[in-house]
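A look at the structure
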Amino acid sequence: MKKLLVLVLMSVIVLMSGCSSASESSNDSTGQGNSDDKLKIGLTVGTLANPFFVAMGKGAEEAGKELGAEVLVESAEYDLAKQTSQIENFITKKVDVILLNAVDTKGIAAAVLQAKEAGIPVIAVDTNAEGGVDATVTSDNYQAGQLAGEYVVEQLNGKGNIVIIDGPPVSAVTDRIKGFEDVIKESGIKVVAKQNGEGNREKALSVMESVLQANPAGSIDAVFAINDPEAIGVEIAQEQAGRKDEFFIVGVDGAPEVTEAMAKEGSSIMATSAQSPSEMVKKAVEIGMKVKNGEDVEELIKVPVDLVTQDTLDSYKGW
């Protein structure tokens, strides 16, 4: 009887095992396991209203396609609370890598720390971010400012009055401003106004209108805008004020909309320090995967920029 009971118990155990295996097999056949295994990359940018970040999103998607990864692209609209929430959502969705274009270099630190505590690599793109990012991939923004400054100094023969249209409180902007100001401080050029255009066309247009009201016709020789949307806003304000021939404008980005504007006869936008957002973010994906795989990476990778002027526009490949 004892032997018989043992045999019966063994049979029951084998049957239960088989059911369990069948159940696991059934779960696998739904694709649940494959879904968990698929790479996920999260990218949050300042605003998708800026073509620069649209190009960055496309670059991330292209890089993700090569890796067979799902790419989640979010627009923070330069709202720190919104970007923090986006990073928290990436953590919840268990993405493998987070690419961060910070809207506030210091303010985003807590969200970065949360991602790091969850074991997710965070790669800052285009601008620095505090909180312990694994690496930063950016254009050489100081060089972008330098090139713009050198162009302004050359065109004005080292003297004149200029306006600076600043931007959001991120390292990409502060580096551009520093590069520009370091060049012009050795000249006889005077900054008569420095206003925050917040990185977009509408705000830049508005602040430039105020600057033009405060400075009489003939008193401004050039304007440096920290990106191309601002440069276009400045040109619109200039046209509306009837001061088209008074001063020229220099921007940063090399965006399609600004090269189109520069190509038009009589455009006041004379130059832009051109970046490559698509290549920048592809590099960030590459670095992020290396971190995920436990490889050592450089903490800062700078991508060179080139000055594009109306004279060299034909040879510029664009984004």
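Look above for the structure.
Residues numbered from 1 in each chain as written. Predicted model: local features only at pLDDT ≥ 70, side-chain atom pairs only at ≥ 80, totals over all residues. Heavy atoms only, no water.

A tally of helices and strands in the chain yields eleven helices and twelve strands. The buried share among the 319 residues of the chain stands at 49%. A separation threshold of at least 6 residues defines the contact pool for the chain, and within that pool the share at least 24 residues apart is 74%. As displayed, the chain offers around 15600 Å² of accessible surface, 49% of which is attributable to carbon and sulfur atoms. (Helix = DSSP H or I, 4+ residues; strand = E, 2+ residues; numbered from the N terminus. Buried < 20%, exposed > 50% of the residue type's maximum accessible area, 1.4 Å probe, protein only. Contact = heavy atoms within 4.5 Å. Areas by Shrake-Rupley, 256 points an atom, 1.4 Å probe, with all protein chains shown as cover.)

The next point concerns the pairing of strand S4 (residues 122–125). Of the two faces of S4, both are covered, the one formed by Val 122 and Ala 124 as well as the one formed by Ile 123 and Val 125. Alignment of strand S3 (residues 97–100) against S4, held across three bridges, turns out to be parallel. Looking at S4, one finds that Leu 100 is bridged to Ala 124. Regarding the hand of the β-α-β motif, the stretch spanning S3, helix H5 (residues 109–117) and S4 is right-handed. In the sheet, S4 pairs with strand S5 (residues 135–139) via three bridges, with the strands oriented parallel. (Pairing = 2+ DSSP bridges. Right-handed = clockwise from strand over helix to strand, strands pointing away.)

Attention shifts here to the packing of helix H9 (residues 228–240) against helix H10 (residues 256–263). At a closest axis distance of 9 Å, the pairing of H9 and H10 adopts a crossing angle of 40°. Two packed elements cross with a definite hand, and for H9 against H10 that hand is left-handed. Only Glu 257, Val 258 and Ala 261 of H10 make contact with H9, whose side of the interface consists of Asp 228, Pro 229, Ile 232 and Glu 235. For the contact of H9 with H10, the class distribution of residues is four nonpolar, no polar and three charged. (Axes fitted to C-alpha atoms, helices over the stretch in contact; angles between N-to-C directions. Left-handed = near helix turned anticlockwise from the far one by under 90°. Nonpolar A, V, L, I, M, F, W, Y, C, P; charged D, E, K, R; others polar.)

Spatial strand order, S2-S1-S3-S4-S5-S11: six strands in an open sheet with parallel pairing. The open sheet is flanked by strand S2 (70–75) and strand S11 (300–303), the only strands paired with a single partner. Adjacent strand axes in the sheet meet at a mean angle of 15° when their direction is disregarded.

Scanning all chains against the criterion turns up one cavity of 30 Å³ or more. There is about 150 Å³ of room inside the largest cavity. In this structure, the largest cavity is lined by 18 residues; those nearest its centre are Phe 53, Tyr 78, Asp 126, Val 173 and Arg 176. For the lining of the largest cavity, the secondary-structure elements that each account for two or more residues are helix H3 (51–67) and helix H7 (171–184). The leading source of residues in the lining of the largest cavity is H7, at three residues. Counted by class, the lining of the largest cavity contains nine nonpolar, six polar and three charged residues. Looking at which domains feed residues into the lining of the largest cavity, each of domain 1 (40–133 + 277–303) and domain 2 (141–275) gives three or more. (1 Å grid on protein atoms, 1.4 Å probe; cavity = no way out; pocket = protein on both sides within 12 Å on 5 of 7 lines; lining within 4 Å. Points joined across faces, edges and corners; volume = space filled by probe spheres on them. Domains from an automatic or database assignment.)

Turning our attention to the pattern of salt bridges. One side chain can pair with another of opposite charge once the charged atoms of both are near each other. Evaluation of the coordinates by the stated rule reveals 13 salt bridges. Here Lys 185 ties to Asp 182 by a salt bridge, and the two come within 3.6 Å at their closest N and O atoms. Salt-bridge contacts for Lys 244 lead to Glu 239; the nearest nitrogen and oxygen are separated by 3.2 Å. Overlapping salt bridges bring together Glu 62, Glu 279 and Lys 282 as one network. (Salt bridge = Lys/Arg side-chain N within 4 Å of Asp/Glu carboxyl O.)

To continue, consider unusual backbone geometry. Of note in this structure, Lys 94 is not a glycine but carries a positive phi near 55°. Within the secondary structure, Lys 94 sits in the loop between helix H4 (80–92) and S3. Residue Asp 253 is not a glycine yet carries a positive backbone phi of 145°. Counting through the fold element by element, Asp 253 comes out in strand S9 (residues 248–253). On the basis of relative accessible area, Asp 253 is assigned to the buried category, the value being 2%.

Functional significance is not addressed by these values, which are geometric in nature.
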